[in-house]
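Read off the chains here:
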Amino acid sequence: MKKKILVTRLYPEAGISLLEKENFDLTLWEKERPMTPEELLGLAKTHDAVLCTLTDRIDKAFLNECRHLEIISQFAVGYDNIDIAAATDLGIPVGFTPDAMSEATADIAFGLMIAVARNMFFMHKTIIHGQWGYFNPTGHLGIELKQKTLGIFGLGRIGLKMAQRCQNAYDMKILYHNRTRNTKAEKLVDATCVGFDELLAKSDIVSVHCALTPETRHVFDLKAFKKMKPSAVFINTARGPIHHEKDLTQAVKEGLIRGAGLDVTDPEPMAKDNPLLFMENVCVLPHVGSATMEARNQMSILAAMNIIGFYKTGRVSHIVNPGVLGS
Ligand code: GLV
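Worth saying up front: this structure is predicted, and the values here are computed from it rather than measured.

## A closer look at the sheet that holds strand β1 (residues 3-7)
Here comes step 1: Within the open sheet, the five strands sit side by side as β2-β1-β3-β4-β5. Their pairing is parallel. Edge positions in the open sheet fall to β2 (24-28) and β5 (94-95), since each of these has one partner strand only.
Here comes step 2: Bridge count for β1 against β2 is five bridges, and the pairing is parallel. Its bridge partner being in β2, I5 is matched across the sheet by L26.
Here comes step 3: Helix-sheet contacts for helix α12 (residues 293-313) involve β1, β2, β3 (49-52), β4 (71-74) and β5, and the interaxial angle to β4 is about 160°.

Following this line, the structure appears as structure tokens:
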């Protein structure tokens, strides 16, 4: 019997064509929008495997109804939409797509950093509204990044790429905060591991690159923003709930920090009247960190290969919960 694979979005052809070449029975969800939880559950019940992404809620209730799933393959490096503990308890392997989007996401973090430092998005809006005005010798002043201090919250694959960009382009000093020291990354970039409070106090730019977990949810709250420099720029390209949005809004409004660059918000999509969108020193993007041809193709290939590898060899090349497959 052919294995039935539910493919929850229009993923790039590069990976889908690999699945089509195998002996699978594919169900492709061809609408632009994600499935509702009910649609996802209804379809998953009749499939052996799911190729899903961060807009699909794979929680405990879903998994309890889908105990039959043989593999879940996530098209993303983050997997906070999936209850990994519940999947692991049920013995379901969860694949993911690390590293495929590290360059692309670091580019967005780097770009947002410059955009906030120079109020770029706001300037663009003034032109749209016919407010170009005149060359102003004392107006629209941004800050320069040369030799500033970058604080990376979560020095992993993407954080490392951001640190390298900042060191190479601006000779920045790099601090980072991790649960455990990343000595491998320290060999590739001149970075110093510091405590959270020191990171906040000393960084001119704080850039978030960690996973969303119960420990990192809302770690950037008013208390944290108050510990940052009033001239500091906050960048989040990881997951929206890592910062507390109302607290961030207050922090920028009251000048506790200079500004923020966000590729992720909570919720997504952000409401079009969100006050952050109207602030001079805030730049917001609609979660496009991995949105390059190269990254998305590679993510699609890795997500497909995780399924193909599992059915051909019993192994999943990029797996979140390796314990379920034994040694
Ligand atoms: C994107 O946000 C990802 O986790 O890959």
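This is not the end of the story, as more comes after the structure.
## What to know about the pattern of salt bridges
Here comes step 1: Overall, the coordinates contain 13 salt bridges when judged by the stated rule.
Here comes step 2: The salt bridge partner of R239 is D80, with a shortest N-O separation of 2.8 Å. Highlighted residues: R239 in the loop between β10 (233-236) and α11 (245-253) and D80 in the loop between β4 and α4 (84-89), separated in sequence by 159 residues.
Here comes step 3: Of the charged contacts, one joins E103 and R165 as a salt bridge, the two residues approaching to 2.7 Å between their closest N and O atoms. Of the two residues, E103 is situated in helix α5 (residues 102-117) and R165 in helix α7 (residues 157-170); the sequence distance between them amounts to 62 residues.
Here comes step 4: A relative accessible area of 18% places R165 in the buried class.
Here comes step 5: Salt bridges here are not isolated pairs; linked through shared partners, they connect E103, D107, K161 and R165.

## Some details on the layout of surface pockets
Here comes step 1: Its volume calculated, the second largest pocket comes out at about 210 Å³.
Here comes step 2: Looking at the second largest pocket, the residues that line it are M123, T126, I127, Q131, W132, Y134, F135, N136, G139 and H140.
Here comes step 3: Considered class by class, the residues forming the lining of the second largest pocket number five nonpolar, five polar and no charged.

## What to know about the site of the ligand
Here comes step 1: The immediate surroundings of the ligand are formed by L54, A76, V77, G78, M101, R239 and H287.
Here comes step 2: A distance of 2.8 Å separates an oxygen atom of the ligand from a polar atom in the backbone of G78.
Here comes step 3: A distance of 2.7 Å is found between an oxygen atom of the ligand and a side-chain nitrogen or oxygen belonging to H287.
Here comes step 4: For the ligand, whose unbound accessible area comes to 200 Å², protein coverage reaches 91%.
Here comes step 5: A per-class count over the shell around the ligand returns four nonpolar, two polar and one charged.

## What about α5?
Here comes step 1: An ideal rise of 1.5 Å per residue puts 22 Å on 16 residues; α5 measures up with 22 Å between its terminal C-alpha atoms.
Here comes step 2: Of all the positions in α5, only S102, A104, T105, A106, A109, F110, L112, M113, A115, V116 and A117 are classed as buried.
Here comes step 3: Phi for N119, located one or two positions after α5, is positive at around 55°.

## Focus on the sheet that holds strand β8 (residues 191-193)
Here comes step 1: The sheet built from seven strands is open, its strands ordered β8-β7-β6-β9-β10-β11-β12 with parallel pairing. Looking along the sheet, the strands with just one partner apiece sit at the ends: β8 and β12 (282-284). Taking each pair of neighbouring strands and ignoring which way they run, the sheet shows an average axis angle of 20°.
Here comes step 2: Here five bridges tie strand β6 (residues 149-153) to strand β7 (residues 173-177), and the two strands are oriented parallel to one another.

## Brief notes about the pairing of β6
Where a strand is regular, its side chains alternate between the two sheet faces.
Here comes step 1: With five of five residues buried, β6 lies mostly within the body of the structure.
Here comes step 2: Handedness of the crossover joining β6 and β7 through α7 is recorded here as right-handed.

## Quick look at the nonpolar core
Here comes step 1: Among the nonpolar cores identified, the biggest contains 32 residues, and F220, F234 and L248 are the most heavily contacted of them.
Here comes step 2: Elements with a minimum of two residues in this core: α9 (196-202), β9 (205-208), α10 (222-227), α11, β11 (259-262) and β12.
Here comes step 3: Once you skip the residues sitting within four places of it in the chain, L248 turns out to touch F225, F234, H243, I257, A260, L262 and L276.
Here comes step 4: If you look at the next biggest cluster of nonpolar residues, it comprises 27 residues, including L150, L155, A185 and V189.

## Some details on the domain arrangement of the chain
Here comes step 1: Taken as a whole, the chain is organised into domain 1 (4-100 + 293-326) and domain 2 (102-284).
Here comes step 2: With centres defined by C-alpha atoms, the gap from domain 1 to domain 2 works out at 31 Å.
Here comes step 3: Facing nine residues of domain 1, the contacting portion of domain 2 comprises six residues.
Here comes step 4: Interface area for domain 1 against domain 2, summed over the two sides, is near 600 Å², with a carbon-plus-sulfur share of 49%.
Here comes step 5: Counted by class, the side of domain 1 that touches domain 2 contains six nonpolar, one polar and two charged residues.

Reading the values: rules and limits
Residues numbered from 1 in each chain as written. Predicted model: local features only at pLDDT ≥ 70, side-chain atom pairs only at ≥ 80, totals over all residues. Heavy atoms only, no water. Pairing = 2+ DSSP bridges. Helix = DSSP H or I, 4+ residues; strand = E, 2+ residues; numbered from the N terminus. Contact = heavy atoms within 4.5 Å. Axes fitted to C-alpha atoms, helices over the stretch in contact; angles between N-to-C directions. Salt bridge = Lys/Arg side-chain N within 4 Å of Asp/Glu carboxyl O. Buried < 20%, exposed > 50% of the residue type's maximum accessible area, 1.4 Å probe, protein only. 1 Å grid on protein atoms, 1.4 Å probe; cavity = no way out; pocket = protein on both sides within 12 Å on 5 of 7 lines; lining within 4 Å. Points joined across faces, edges and corners; volume = space filled by probe spheres on them. Nonpolar A, V, L, I, M, F, W, Y, C, P; charged D, E, K, R; others polar. Near = heavy atom within 4 Å. Polar contact = N/O pair within 3.5 Å; in protein donor to acceptor, adjacent residues only side chain to side chain. Areas by Shrake-Rupley, 256 points an atom, 1.4 Å probe, with all protein chains shown as cover. Expected span 1.5 Å × (residues − 1). Right-handed = clockwise from strand over helix to strand, strands pointing away. Core = buried A, V, L, I, M, F, W, Y, C linked by side-chain atoms within 4.5 Å. Domains from an automatic or database assignment. Buried area = accessible area lost by both parts, 1.4 Å probe.

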